[in-house]
Amino acid sequence: QVQLVESGGGLVQPGGSLRLSCAASGSIFSTYAMGWYRQAPGKQRELVATITSGGSTNYADSVKGRFTISRDNAKNTVYLQMNSLKPEDTAVYYCNADLVAVLGRDYWGQGTQVTVSS
């Protein structure tokens, strides 16, 4: 069982920055990949960024060069630094823990709202 708790969402003006955090429970955090996804109203959930246990990263084309995913295994936490935010980045952002290989499933956080508006 893994619990994920996100924080750091909020309202920001276009061009601004936010940093999301996702804290995971358990003692095997360093062994599995983590990711951030988002879902805008009326749209399907989409991948934003992932980071493997070894630190390799992958980004959606729409956020490349603006967002950075990172992890601190000592704190069981994954981060999403979001810069140059645009109104189209407005969505609920979800943290994901990929434990399919270990536990046969993945886990999701409760989501945090990010609103980019002037």
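The structure under discussion appears in the preceding block.
Conventions used here
- Residues numbered from 1 in each chain as written.
- Predicted model: local features only at pLDDT ≥ 70, side-chain atom pairs only at ≥ 80, totals over all residues.
- Heavy atoms only, no water.
- Helix = DSSP H or I, 4+ residues; strand = E, 2+ residues; numbered from the N terminus.
- Rg over C-alpha atoms; globule rule 2.2 N^0.38 Å.
- Polar contact = N/O pair within 3.5 Å; in protein donor to acceptor, adjacent residues only side chain to side chain.
- Disulfide = S-S within 2.5 Å.
- Salt bridge = Lys/Arg side-chain N within 4 Å of Asp/Glu carboxyl O.
- Buried < 20%, exposed > 50% of the residue type's maximum accessible area, 1.4 Å probe, protein only.
- Core = buried A, V, L, I, M, F, W, Y, C linked by side-chain atoms within 4.5 Å.
- Contact = heavy atoms within 4.5 Å.
- 1 Å grid on protein atoms, 1.4 Å probe; cavity = no way out; pocket = protein on both sides within 12 Å on 5 of 7 lines; lining within 4 Å.
- Points joined across faces, edges and corners; volume = space filled by probe spheres on them.
- Nonpolar A, V, L, I, M, F, W, Y, C, P; charged D, E, K, R; others polar.

J.: Just give me the short version of the overall build of the chain, but keep the residues and values in it.
T.: If you tally the helices and strands in the chain, you get 1 helix and 11 strands. Along its sequence from the N terminus, the chain presents helices and strands in the succession β-β-β-β-β-β-β-β-β-α-β-β. In summary, the chain has a C-alpha radius of gyration of 14 Å against a globular reference of 13 Å for 118 residues, a match within 12%. The principal-axis extents of the C-alpha atoms in the chain amount to approximately 40 × 25 × 25 Å.

J.: Tell me about the environment of Glu 46, and name the residues and values.
T.: Residue placement: Glu 46 occurs in strand S5 (residues 46-51). Residues Glu 46 and Trp 36, spaced 10 residues apart in sequence, show a C-alpha to C-alpha distance of 8.9 Å. In terms of polar contacts, Glu 46 uses its side chain to reach the side chain of Arg 38, at 2.7 Å.

J.: Can you explain the state of the cysteines? Please cite residues and give values.
T.: Here a disulfide denotes a covalent bond joining the sulfur atom of one cysteine to the sulfur atom of another. Across all of its chains, the model carries 1 disulfide by this definition. Between the sulfur atoms of Cys 22 and its disulfide partner Cys 95 the distance amounts to 2.1 Å. Judged by the sign of its S-S torsion, about -80 degrees, the cystine formed by Cys 22 and Cys 95 is left-handed. With Cys 22 in strand S3 (residues 18-24) and Cys 95 in strand S9 (residues 91-99), this pair connects stretches of sequence that are 73 residues apart.

J.: Can you lay out the pattern of salt bridges for me, pointing to particular residues and giving the numbers?
T.: A full pass over the atoms with the stated rule returns 4 salt bridges. Arg 38 is the partner of Asp 89 in a salt bridge, and the nearest nitrogen-oxygen pair spans 2.9 Å. Taken together, the positions of Asp 89 in the loop between strand S8 (77-82) and S9 and Arg 38 in strand S4 (residues 33-39) put the pair 51 residues apart, joining distant regions of the chain. By relative accessible area, which is 1% here, Asp 89 ends up buried.

J.: An account of the nonpolar core is needed here, citing residue identities and associated values.
T.: Counting 32 residues, the largest nonpolar core has Leu 4, Met 34, Trp 36, Val 78, Leu 80, Met 82 and Tyr 93 as its most contacted members. Those elements giving two or more residues to this core turn out to be S3, S4, S5, strand S7 (67-72), S8, S9 and strand S11 (112-116). At 5 residues, the largest contribution of residues to this core is made by S9. Once residues within four sequence positions are removed from consideration, Met 34 is found in contact with Leu 4, Cys 22, Phe 29, Ala 49, Thr 50, Ile 51, Ile 69, Arg 71, Val 78, Cys 95, Asn 96 and Ala 97.

J.: Give a detailed account of the layout of surface pockets, specifying residues and quantitative values.
T.: Estimated volume of the largest pocket: approximately 160 Å³. Every residue lining the largest pocket is counted, 13 residues in all, and those nearest its centre are Arg 38, Lys 43, Glu 46, Glu 88 and Asp 89. Partitioning the lining of the largest pocket into residue classes produces 2 nonpolar, 4 polar and 7 charged.

J.: So what's going on with the environment of Leu 20? Which residues, and what values?
T.: Tracing the backbone shows Leu 20 in strand S3. Here the alpha-carbon distance between Leu 20 and Gly 10, two residues 10 residues apart in the chain, equals 9.6 Å.

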